[in-house]
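Letter by letter, the chains look like this.
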Amino acid sequence: MTYLEPGRPDQIAADLRGAFQQRYGAAAAAVGRAPGRVNLIGEHTDYNRGLVLPLALPHATYAAAAPRTDGRVRVASLQDDSVWEGTLDEAGPGGPRGWATYAAGVLWALREAGVDLPGADLLVDGRVPLGAGLSSSAALECSVAVAVLALAGRDLDAGARRLVVDACIRAETEVAGAPTGGMDQTVAVLAEEGAALLVDFDTDESRPVHLDLAGLTLLVTDTRVSHELIDGGYAARRADCEAAAAELGVPSLRQADLESVERIGDERVRRRARHIVTETDRVQPVADALAAGDRDTVERLFALSHASMRDDFEISCDELDAAVAVAVEAGAVGARMTGGGFGGSSVAIVPDERVEAVMRAIDTEFALRGFATPAHLRAEPSAGAGLV
Ligand code: GLA
């Protein structure tokens, strides 16, 4: 069975400092840490100004940084041999490619936001599984932003946290070109330990929701089906949502109701909009149910959410459907796919004593059907980004 431990932050940071010293011949001045996330409910609702309920994982990306005085940036990773080097000007749109885009793009976006940066050497250690729908890219962006802000002498107060969220969203959308909605960066920076984060993208307000998970485990299963947000599927869903809002004459689908959605002419656009409107309506009830330990409501709304993503929004796949169905058969209180979709991960709420059985049942089903071996992890609600 493949089970992913998050590792101990102090140990990971110490090892990263050692690797930094070896690579650059100088000490790191700061190590930033930012978590991946799992979303409990509210999928593709963020860019429709809806509600989401993600939480930060204990699995995080770490970025060690030291300042340079010549305006240059060097970016390297413990997971990948390719390095990127250039000036701060070159770190913006059209500049770096591949994973380094997300790191270098943050420096560009922070400078655009008025942060005085002299240049930097960076080395990252990503402990969030890649392409798993768990926001490894937001974790990378936010870990770099936190480290670099420390180099610039800024405390990570509430204002700086907002600055980090906004700069990381710009890095992802404008530099990396992924038309995503902002949920991942928001939770990576604003999450609190022990709580999920309820975010309203109409007002940009967020608040922690303390979950009553006594006797329950949040089990995430990475199907190992690769997921790329810069592929066409995500952008196509977003375009359909915008077309639906335009046809209804509302600024976003947050202002639409189910009755008017059912009158949309194009059948596909109608189904896309139906997912967004029904999904947004499920978020507050799930938050309330999880806070109150109301398992029946969670079970019902997780099932409706998964079916809506499978049938109306069409972002699930055989592996995700199997992981969800098997988890429920093997005793989960509720399960659904999570994240952008087209592969990635499922999340299940499982009574502690059933966790082993659920993991084994999913592994067995995947082996029988010839799917890749999945990886499991426990999603203990963790704190947002910070320095280690
Ligand atoms: C990805 C995006 C988010 C959000 C989710 C789907 O994670 O980065 O902005 O749209 O997909 O809920």
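Use the structure listed above.
A quick note: this is a predicted structure, and the numbers were derived from the prediction, not measured.

**Student:** Help me understand the site of the ligand in this model?
**Tutor:** Lining the immediate surroundings of the ligand are 14 residues, of which Arg-37, His-44, Asp-46, Asp-184 and Tyr-234 lie closest. Here an oxygen atom of the ligand and a side-chain polar atom of Glu-43 are 2.8 Å apart. Note that an oxygen atom of the ligand is positioned 2.6 Å from one of the side-chain N or O atoms of Tyr-234. When the free accessible area of the ligand is taken as 310 Å², the share hidden by the protein chains comes to 99%. Across the shell around the ligand, the residue classes tally to four nonpolar, six polar and four charged. Here the shell around the ligand spans two domains, since at least three of its residues come from each of domain 1 (2–193) and domain 2 (210–378).

**Student:** Just checking my understanding: could you explain the environment of Gly-265 for this structure?
**Tutor:** Checked against the element boundaries, Gly-265 lands in the loop between α7 (258–261) and α8 (267–292). Given a relative accessible area of 55%, Gly-265 falls into the exposed group.

**Student:** Honestly, helix α10 (residues 318–329) in this entry has me stumped. Any pointers?
**Tutor:** Residues spaced three or four apart along an α-helix point in a common direction, a consequence of the helix completing one turn every 3.6 residues. Compared with an ideal rise of 1.5 Å per residue, which puts 12 residues at 16 Å, α10 spans 16 Å between its outermost C-alpha atoms and is within 8% of the ideal. Restricting attention to buried positions, one finds in α10 the residues Glu-319, Leu-320, Ala-322, Ala-323, Val-324, Val-326 and Ala-327. Elements that come into contact with the buried residues of α10 comprise α9 (295–312), β11 (334–338), β12 (345–351) and α11 (355–368). A positive backbone phi angle near 115° is found at Gly-331, which sits one or two residues after α10.

Rules of the game
Residues numbered from 1 in each chain as written. Predicted model: local features only at pLDDT ≥ 70, side-chain atom pairs only at ≥ 80, totals over all residues. Heavy atoms only, no water. Near = heavy atom within 4 Å. Polar contact = N/O pair within 3.5 Å; in protein donor to acceptor, adjacent residues only side chain to side chain. Areas by Shrake-Rupley, 256 points an atom, 1.4 Å probe, with all protein chains shown as cover. Nonpolar A, V, L, I, M, F, W, Y, C, P; charged D, E, K, R; others polar. Domains from an automatic or database assignment. Helix = DSSP H or I, 4+ residues; strand = E, 2+ residues; numbered from the N terminus. Buried < 20%, exposed > 50% of the residue type's maximum accessible area, 1.4 Å probe, protein only. Expected span 1.5 Å × (residues − 1). Contact = heavy atoms within 4.5 Å.

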